[in-house]
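Descriptive structure summary
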Amino acid sequence: MEDRFESAMTTVYGPESGMHYDPDQLLTTDPADGKVLLVDYDLERAARTLTKESLEGRPWNLWRYAEIMPVRDPRNRLTLGEGGTPLLSTNRLGAEIGLPNLLVKDEGRNPTGSFKARGLGAAVSRAKELGVEAIALPSAGNAAAAASAYLARGGMKAIVFMPEDAPDVFKAECRALGAQVFLVKGLINDAGKIVRENSASRGWFDVSTLKEPYRAEGKKTMGLELVEQLGWSVPDAIIYPTGGGTGIVGMWKAFDELEKMGFIGPERPMMIVVQAENCAPIVKAFHAGERHAPLWENAQTIAPGMRVPIAIGDYLIIDAIRQSEGTAIAISDADLLEMTDRVSGSEGMHMSPEVGAAFAAAARLREEGFLSESDQVIVFGTGSGLLHTDLVAEGYPVLDPNDSSVGEIIDSAYQQG
Ligand SMILES: Cc1ncc(COP(=O)(O)O)c(C=O)c1O
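Residues numbered from 1 in each chain as written. Predicted model: local features only at pLDDT ≥ 70, side-chain atom pairs only at ≥ 80, totals over all residues. Heavy atoms only, no water.

1. Some words on the overall build of the protein chain
In terms of regular secondary structure, the protein chain is built from 14 helices and 13 strands. In summary, the protein chain has a C-alpha radius of gyration of 21 Å against a globular reference of 22 Å for 417 residues, a match within 12%. Expressed as lengths along the three principal axes of its C-alpha atoms, the size of the protein chain is roughly 75 × 50 × 45 Å. When contacts within the protein chain are restricted to residue pairs at least 6 apart in sequence, long-range pairs at least 24 apart make up 70% of them. Total accessible area on the protein chain stands at roughly 16900 Å², and carbon and sulfur atoms take up 48% of it. Computing the positive centroid from 39 side-chain charges and the negative centroid from 59, the protein chain places the two 6 Å apart. (Helix = DSSP H or I, 4+ residues; strand = E, 2+ residues; numbered from the N terminus. Rg over C-alpha atoms; globule rule 2.2 N^0.38 Å. Contact = heavy atoms within 4.5 Å. Areas by Shrake-Rupley, 256 points an atom, 1.4 Å probe, with all protein chains shown as cover. Lys, Arg positive; Asp, Glu negative; His and termini not counted. Charge placed at Lys NZ, Arg CZ, Asp CG, Glu CD.)

2. Things to note about the site of the ligand
Near the ligand lie 17 residues; those nearest to it are Asn142, Tyr240, Gly243, Gly245 and Thr382. Lys219 places a side-chain nitrogen or oxygen 3.0 Å from an oxygen atom of the ligand. Every element with two or more residues in the shell around the ligand is listed here: β10 (237-241) and α9 (246-260). Taken together, the residues of the shell around the ligand sort by class into 3 nonpolar, 11 polar and 3 charged. (Near = heavy atom within 4 Å. Polar contact = N/O pair within 3.5 Å; in protein donor to acceptor, adjacent residues only side chain to side chain. Nonpolar A, V, L, I, M, F, W, Y, C, P; charged D, E, K, R; others polar.)

3. Structural notes on the packing of aromatic side chains
Under the criterion given, the structure shown has 5 aromatic pairs. Aromatic pair Trp232 and Phe263: ring centres 4.6 Å apart, planes at 25 degrees, arrangement stacked. Pair noted here: Trp232 is in the loop between α8 (215-229) and β10 and Phe263 is in the loop between α9 and β11 (270-276), with a separation of 31 residues, a long-range link. Site record: aromatic cluster; members linked through ring pairs are Phe115, Tyr240 and Phe380. Here the guanidinium or amino end of Lys35 rests over the ring plane of Tyr315, the centre of that ring lying 5.0 Å away. Lying over the aromatic face of Phe5, Arg58 brings its terminal NZ or CZ to 3.6 Å of the ring centre. (Phe/Tyr/Trp six-rings, centres within 6.5 Å; stacked < 30°, edge-to-face > 60°. Lys NZ or Arg CZ within 6 Å of the ring centre and 35° of its normal.)

4. Description of the sheet that holds strand β9 (residues 205-206)
Strand-to-strand pairing in sheets goes through backbone hydrogen bonds, with the strands running parallel or antiparallel. If you walk across this open sheet you meet the 4 strands as β8-β7-β6-β9, and the pairing is parallel. Lying at the two open borders of the sheet, with one neighbouring strand each, are β8 (180-184) and β9. Two elements, strand β6 (residues 134-138) and β9, share 2 bridges in a ladder whose sense is parallel. Looking at β9, one finds that Ile135 is bridged to Phe205. The sheet contacts of helix α5 (residues 142-153) involve β6 and β7 (157-163), and relative to β7 the element is tilted by about 170 degrees. (Pairing = 2+ DSSP bridges. Axes fitted to C-alpha atoms, helices over the stretch in contact; angles between N-to-C directions.)

5. As for the packing of helix α4 (residues 116-129) against α5
Contact geometry for α4 and α5: axes closest at 8 Å, N-to-C directions at 45 degrees. By the angle between their axes, α4 is oblique relative to α5. α5 is crossed by α4, and the crossing has right-handed handedness. Residues Lys116, Ala117, Leu120, Gly121 and Val124 of α4 lie in contact with α5, whose contacting residues are Asn142, Ala143, Ala146, Ala147, Tyr150 and Leu151. Grouping the amino acids of the contact of α4 with α5 by side-chain chemistry returns 8 nonpolar, 2 polar and 1 charged. (Parallel < 35°, antiparallel > 145°, perpendicular 65-115°, else oblique. Left-handed = near helix turned anticlockwise from the far one by under 90°.)

Have a look at this one:
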């Protein structure tokens, strides 16, 4: 159905260099300055068919917004049913922390259990269109799983590089999906170095975060969907657990495109970046008044998606925070783990530790008065807790049905909660 709608892509451009390039060639970073490239569209043309009315009958997947997505031929638009994730209220927790209008966009429902399905779905589709046969990427885990799934779907090869201590479920999932899996001594930036040094000679397309222009387009759909789900309005604040920051960059671009197409006005949500206390390069740079965030030494956190010590799109993330009058905040592992459990227990939503950090940030910012009671606040629930069995408590009572002490064991465990 959405197959009828054409992409209005016009160029690929460097927001820093101001250079525009032919979009129908395979580009990674800006040839002018090595920085981030983004995709540009003829938004007037897009708005002729991308209307509130025409959206009504379209499926809720990545290609719902085909006019402002970077894939021309509908046969290359891969889908595994990503997107259309629910926006859920958090009544009990919201009331407890003084944010009655706290909502979560549950991205854990995406294929492979995280929002990474959006970015990789878009990037793999576009790479297929441009004739790529193999894609390499460094990943904390979720991106590797999503890439493996879409590459299998597209009949292409995935080569993924993860930190040696990435959760086992990601390694197993990638392998099950047919990817070639390499483990790296170090963090995601060390994996990125290996990808960078080995891709060109082997003919692999490097889809490291923001080192190609298409993943941000997929992440952009989080912003498009959110505004559509809110009845074409923007919330007061968006809280986003941040690593490489593609989601912030993508959503910020989404709001700009929606305004230019007449769907919203100049209002913007406060963009709030959340990082872990022992890996907070963007938080530190933002509060120091900088636009670039140097490598964070000895980065450590239990939340793998936020264990990203350096981000190539740092200036784009920090620009979005400043322009939106948002902020950036760091959360300790102890606090994020406690909040992850609290969200599960009080809302029935088992989410990843990165999401726990975002909820903890909401509570802290309310306490400090940065957020007010009337604010409509959206937490991005970027990943599912099902991927983090490593964090689940052990020590369950084991019962032998033939043993007379079963009742006693049950009573004592039940009393302890
Ligand atoms: C669950 C989860 N949340 C947040 C992030 C950070 O995302 P981004 O790179 O868009 O900042 C990641 C990245 O791996 C992740 O897996």
